[in-house]
Number of protein chains: 2
Amino acid sequence: MIKKPYLLFLGDAPDQLAAKVARGIRDWRPGDSVGQFRLPGCAAHMNLPDLTIKEAREAGAQTLVIGVANRGGVIADNWKEVLAAALESGMDLASGLHNRLCDEPSLVEIAGHKGCSLHDVRTPKVDYPIASGRKRSGKRCLGVGTDVSVGKMYMALAMQQEMHNRGIKASFRATGQTGILVEGNGVPLDGVVADFMAGAVESLTPDNDDDHWDLIEGQGSLFHASYSGVTLALIHGGQPDALILCHEPGRPHMRGLPSFQLPSLAQLYETSLSMAQIVNPSCRVVGVSINSSQFAEEDARRCLADAEAETGLPATDPIRFGAGPLVDVLISP
Amino acid sequence: MIKKPYLLFLGDAPDQLAAKVARGIRDWRPGDSVGQFRLPGCAAHMNLPDLTIKEAREAGAQTLVIGVANRGGVIADNWKEVLAAALESGMDLASGLHNRLCDEPSLVEIAGHKGCSLHDVRTPKVDYPIASGRKRSGKRCLGVGTDVSVGKMYMALAMQQEMHNRGIKASFRATGQTGILVEGNGVPLDGVVADFMAGAVESLTPDNDDDHWDLIEGQGSLFHASYSGVTLALIHGGQPDALILCHEPGRPHMRGLPSFQLPSLAQLYETSLSMAQIVNPSCRVVGVSINSSQFAEEDARRCLADAEAETGLPATDPIRFGAGPLVDVLISP
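Residues numbered from 1 in each chain as written. Chains lettered and ligands numbered in written order. Predicted model: local features only at pLDDT ≥ 70, side-chain atom pairs only at ≥ 80, totals over all residues. Heavy atoms only, no water.

Engineer: Is there a simple way to explain the overall build of chain A in this structure?
Structural biologist: Scanning chain A from N- to C-terminus turns up 11 helices and 11 strands. For 333 residues, the compact-globule formula gives about 20 Å, and the C-alpha radius of gyration of chain A, at 20 Å, lands near that figure. Structurally, chain A occupies a C-alpha span of about 55 × 45 × 45 Å along its principal axes. Considering only residue pairs separated by 6 or more positions, chain A has 75% of its internal contacts joining residues 24 or more positions apart. The averaged location of the 39 negative side-chain charges in chain A is 2 Å from the averaged location of its 30 positive side-chain charges. (Helix = DSSP H or I, 4+ residues; strand = E, 2+ residues; numbered from the N terminus. Rg over C-alpha atoms; globule rule 2.2 N^0.38 Å. Contact = heavy atoms within 4.5 Å. Lys, Arg positive; Asp, Glu negative; His and termini not counted. Charge placed at Lys NZ, Arg CZ, Asp CG, Glu CD.)

Structure (structure tokens):
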């Protein structure tokens, strides 16, 4: 568990996109960050107060979260000074970078001395079990994509928000770096050793109240040659009761795989449902989540109508038009 | 690459089953071992000469292979004495145990001093890439199972032997501990970090001659909740041209999952082919490999006839009746 509230470290991010981890936290947990810390040259902002380490600590910050990608894959010296100062002030550090905080001897030394934690959220800290396949109580919903990076995490977070607004029990279950930093805990699934992937997902979604929904963050795609194994482990470990098809219209090919076309929503429906029914025969596909951010509103509405016609299911862009239609169908008997 | 020939270490194996790694090597690479080494109380044997470390070294042994499971999951002191002596004599060590040789300081020290290697074949030694999905030259065949441990590795090894007997170019591509020790190299797929599984399989099965077949060792099952993600990574990384359905008749439930029934061969056919055709639309299912070791011959032949009737494909038990029918159909246009 990563302690909140956070101070969001934006470093010298050249633009908003470079700080997308911070943005995810700000968008979905707006009350969880006391401020932002920016270095000279930083062009990103989170509409949060700029605080010094001392000011952040006085405002109650428990953890400095690196909310930005590091240029060249290296933790630069001017970053390290800030990170060291945060540790010295008593804050923990959390990072989703490929380079690990735990591999920086200077930070490890200060953290040990001050009794602070270094959270490298890409690296599993737990030894997960082999999946048992046992049916758990409570309900689970999983987003499956025609491709990677089509908005599965934002869909799950939007559904959680809508369900909480309606007083429905629901938990977001994070499986990726940004999701873990948003939620404060989770399983970094793509960093788990192959044999333990499905077991890690079982651990993440334990027995719960019969009327409680786990909203599991999706990963990869059954149709993406690079990551499909992770997706299937998520389906078989998660044992979803409900699947939501996630799609971004207009992509010329699978992301990173120029020779592969995206599947149709109908193909995704059939393939993901048949794989899910291996572990939960009563699983059903309930709706479609469209990422229409590249389209004008009229075109976006046409995308939704197309998706509804193709699948016979309600479709929405949960960010643009709200997650209401997905929650409606999820909780309908 | 693990250097051959081997000395097979059988330790204090209580029975033949405990030494199944050694048996795999002896069965499939009979010329690769100069002898066996047994401790007092060992009830297993490989029909190889019992050699001292000195005699094995004089006979040319390059690597001592631990061909037995360790009782209680601990490398006992009486084992360590032998392993140390083997290193002192200049041999490398290779092991598929869960405990790693590299975690034994006394062995690490001697190996460093003597310039010998410690091969822990469960632990990937290479940083594998993310899968590219690129089509490679040459042909690939993969066994897929109704369950785990149904004879996929023995099928691939039997096919390799049959193809070599006929002068057909074929390589066994090992993906598990025993397979790696049999072949001397491979990818320990279930120990690879999730993001890199499919990329590891691509690395294992690179471009090759147009008339060359990779016979890829299968892992897990698409229908086994604990390991299905590994299986799908193998299918999408391997991009097989041909699938062979593998089955052991008579199992009451999926191994380790008492509440899960095995799929039918028809279900396995449909599901595995549709997943394979995502990356290779011309993939086909060519035959069925039956593990009939629990049956008398007449019943075994009936199992084959049943499988042929259900799938419309040739079926054989490649160990009992030979892999000929599978090779025939594999190389038919």
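Engineer: So what exactly am I meant to see when it comes to the sheet that holds strand 4 (residues 92-95) of chain B here?
Structural biologist: Within a beta sheet, neighbouring strands are joined by backbone hydrogen bonds and run either parallel or antiparallel to one another. All names here are of chain B. If you walk across this open sheet you meet the 5 strands as 2-1-3-4-5, and the pairing is parallel. Since the sheet does not close on itself, it has two edges, and those belong to strand 2 (33-38) and strand 5 (118-120), each with one partner. With direction set aside, neighbouring strand axes in the sheet form an average angle of 20°. Two elements, strand 4 and strand 5, share 3 bridges in a ladder whose sense is parallel. By the bridge assignment for strand 5, serine 95 is matched with aspartate 120. (Pairing = 2+ DSSP bridges. Axes fitted to C-alpha atoms, helices over the stretch in contact; angles between N-to-C directions.)

Engineer: I'm lost on the packing of aromatic side chains in this one. Help?
Structural biologist: Aromatic ring pairs are described here by two measures, namely the spacing of the ring centres and the angle between the planes. Residue and element names in this part refer to chain A. For the structure shown, the criterion picks out 6 aromatic pairs over all chains. Ring geometry for phenylalanine 9 against tryptophan 79: centres 5.2 Å apart, planes inclined by 80°, an arrangement best described as edge-to-face. In this pair, phenylalanine 9 sits in strand 1 (residues 6-11) while tryptophan 79 sits in helix 3 (residues 77-88), placing the two residues 70 residues apart along the sequence. Taking the relative accessible area as the measure of exposure, phenylalanine 9 reaches 0% and is therefore buried. (Phe/Tyr/Trp six-rings, centres within 6.5 Å; stacked < 30°, edge-to-face > 60°. Buried < 20%, exposed > 50% of the residue type's maximum accessible area, 1.4 Å probe, protein only.)

Engineer: Just checking my understanding: could you explain the pairing of strand 4 (residues 92-95) of chain A for this structure?
Structural biologist: Residues and elements named next belong to chain A. Taking every second residue as pointing to the same face, both faces of strand 4 are buried, with Asp92 and Ala94 on one and Leu93 and Ser95 on the other. Note that strand 3 (residues 63-66) and strand 4 share 4 bridges and pair parallel. From the neighbouring strand, valine 65 faces strand 4, where its bridge partner is alanine 94. At this point the chain moves from strand 3, through helix 3, to the parallel strand 4, and the crossover so formed is right-handed. For the crossover that starts at strand 4, traverses helix 4 (residues 105-114) and ends in the parallel strand 5 (residues 118-120), the hand is right-handed. (Right-handed = clockwise from strand over helix to strand, strands pointing away.)

Engineer: Just checking my understanding: could you explain the relation of the copies chain A and chain B for this structure?
Structural biologist: Note on the chain copies: they are related by a rotation about an axis and a translation along it. Expressed as a screw transformation, the operator carrying chain A onto chain B has a rotation angle of 180° and an axial translation of 0.0 Å, and the superposed copies differ by an RMSD of 0.0 Å. Such a turn and shift between the copies fits a two-fold axis. Of the residues that chain A buries at the interface, 100% are likewise interface residues in chain B, meaning the two copies contact each other through the same surface. (Least-squares fit on C-alpha atoms with pLDDT ≥ 70 in both.)

Engineer: Which parts of the structure should I look at to understand helix 1 (residues 20-28) of chain B?
Structural biologist: Given 3.6 residues to a turn, an α-helix orients residues that are three or four positions apart in the same direction. Listed in full, the buried residues belonging to helix 1 of chain B are Val21(B), Ala22(B), Gly24(B), Ile25(B), Arg26(B) and Trp28(B). Those residues of helix 1 of chain B that are buried are in contact with strand 1 (6-11), strand 2, strand 3 (63-66), helix 5 (152-165) and helix 6 (177-183) of chain B.

Engineer: Any chance you could explain the confidence of the model for chain A here in plain terms?
Structural biologist: Close reading of the predicted structure is inappropriate where its pLDDT is low. When pLDDT is averaged across chain A, the result is 96; 100% of the residues are at 70 or more. Under the prediction, the complex receives an ipTM of 0.94, its pTM being 0.95. (pLDDT = per-residue confidence, 0-100.)

Engineer: Where do I start with unusual backbone geometry in this structure?
Structural biologist: Phi is mostly negative for residues that are not glycine, and the peptide bonds are mostly trans. Backbone torsion omega between Lys4(A) and Pro5(A) reads 0°, so that peptide bond is classified as cis. For Pro5(A), the position within the fold is in the segment before strand 1. The phi angle at Ser149(B) is positive, at roughly 55°, despite the residue not being glycine. Mapped onto the elements, Ser149(B) comes out in the loop between strand 6 (139-145) and helix 5. Note on Ser149(B): relative accessible area 44%, which makes it partly exposed.

Engineer: Just checking my understanding: could you explain the interface of chain A and chain B for this structure?
Structural biologist: When the parts of a complex come together, some accessible area is lost, and that lost area is often used as the size of the interface. Contact residues are listed per partner, giving 32 residues for chain A and 32 residues for chain B. At the boundary of chain A and chain B, one finds 0 salt bridges. Our enumeration of links across chain A and chain B arrives at 8 residue pairs in polar contact (both at pLDDT 80 or more). Among the secondary structure elements, those contributing two or more residues to the side of chain A that touches chain B are helix 7 (197-204), helix 8 (228-238) and helix 9 (265-277) of chain A. The element contributing the most residues to the side of chain A that touches chain B is helix 8 of chain A, with 6 residues. Here the residues of the side of chain A that touches chain B are counted per class, giving 20 nonpolar, 10 polar and 2 charged. (Salt bridge = Lys/Arg side-chain N within 4 Å of Asp/Glu carboxyl O. Polar contact = N/O pair within 3.5 Å; in protein donor to acceptor, adjacent residues only side chain to side chain. Nonpolar A, V, L, I, M, F, W, Y, C, P; charged D, E, K, R; others polar.)

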